Amino acid sequence: MPAGPSNAARTPFVLLVVLLLGGGLITLLLLNSALNEGSFRLSELKKRTTELTDEQQSLQHDVDASFEPDALARRARELGMVPGGSPAFLDPAGKVRGVPSKAAPAPVVAPPPTTPVPATPSPAAPPTPAATTPAATNPAFGTAVPDTSTASGAPAAQPSTSPGR
């Protein structure tokens, strides 16, 4: 009787099947690891996007709050601005519509009290501000202007800074 197929012929086939199955399993493991890494990265990016969106909304809220009418009016007062009067408009024909009026002067706020100046100023002491009179105010801004005139109404004499004169 003839002998059956030998075991030697089956060995390469079994080895090929084992290598294919092992290679497939390793490939699946690497693919699964790459997908999990991408999933973790995606969740980190979503979390960061949420944080940045919250921060952006907070900053937008701050910006919106600084442009509210009350905040703008307060900042304008701090800068010394006053509400304007009624405006006048020019129509296309060049005719003036409305009656313009001046802005109301800002209320004069007294400066905070200062410490008395010594009778003999030291060389390091800052110069004292020029005297102001109630009549010498700038009507456009309601601020005091230094009085540079004498009692007679003529300009005050300016001291000479040239040597020998």
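A quick note: this is a predicted structure, and the numbers were derived from the prediction, not measured.

(A) Focus on the overall build of the protein. Across its full length, the protein carries two helices and four strands. Mapped from its N terminus to its C terminus, the protein presents α and β elements in the order α-α-β-β-β-β. Counting every position in the protein, which comprises 165 residues, the buried fraction comes to 2%. Relative to all contacts within the protein whose residues are 6 or more apart in sequence, the contacts with residues 24 or more apart total 10%.

(B) Representation of a negative patch on the surface within the structure. Residues Asp 62, Asp 64, Glu 68 and Asp 70 make up a contiguous surface patch of negative charge. Looking at the secondary structure, you find Asp 70 in helix 2 (residues 69-78). Taking the relative accessible area as the measure of exposure, Asp 70 reaches 65% and is therefore exposed.

(C) The pattern of salt bridges, seen in detail. Summed over all chains, the structure comprises four salt bridges. Glu 44 is paired through a salt bridge with Arg 41; the nearest N and O atoms lie 3.9 Å apart. Taken together, the positions of Glu 44 and Arg 41, both in helix 1 (residues 7-66) and three residues apart, correspond to about one turn of that helix. Between Glu 78 and Arg 74 there is a salt bridge; the shortest N-O distance is 3.6 Å. Of this pair, Glu 78 and Arg 74 both sit in helix 2, four residues apart, which is roughly one turn of the helix.

(D) Here's a closer look at the confidence of the model for the protein. Of all residues in the protein, 59% have pLDDT values of 70 or greater, and the mean over the chain is 76. Per-element confidence in the protein is highest for helix 1, whose mean pLDDT is 94, and lowest for strand 3 (residues 132-138), whose mean pLDDT is 44.

(E) Quick peek at a nonpolar patch on the surface. Residues Phe 13, Val 14, Val 17, Val 18 and Leu 21 make up a contiguous nonpolar surface patch of about 480 Å² in total accessible area. Considering the arrangement of structural elements, one finds Val 14 in helix 1.

Quick notes on the rules
- Residues numbered from 1 in each chain as written.
- Predicted model: local features only at pLDDT ≥ 70, side-chain atom pairs only at ≥ 80, totals over all residues.
- Heavy atoms only, no water.
- Helix = DSSP H or I, 4+ residues; strand = E, 2+ residues; numbered from the N terminus.
- Buried < 20%, exposed > 50% of the residue type's maximum accessible area, 1.4 Å probe, protein only.
- Contact = heavy atoms within 4.5 Å.
- Patch = residues over 30% accessible without salt bridge, like charges linked within 9 Å, V, L, I, M, F, W, Y side chains within 5 Å.
- Areas by Shrake-Rupley, 256 points an atom, 1.4 Å probe, with all protein chains shown as cover.
- Salt bridge = Lys/Arg side-chain N within 4 Å of Asp/Glu carboxyl O.
- Lys, Arg positive; Asp, Glu negative; His and termini not counted.
- Charge placed at Lys NZ, Arg CZ, Asp CG, Glu CD.
- pLDDT = per-residue confidence, 0-100.

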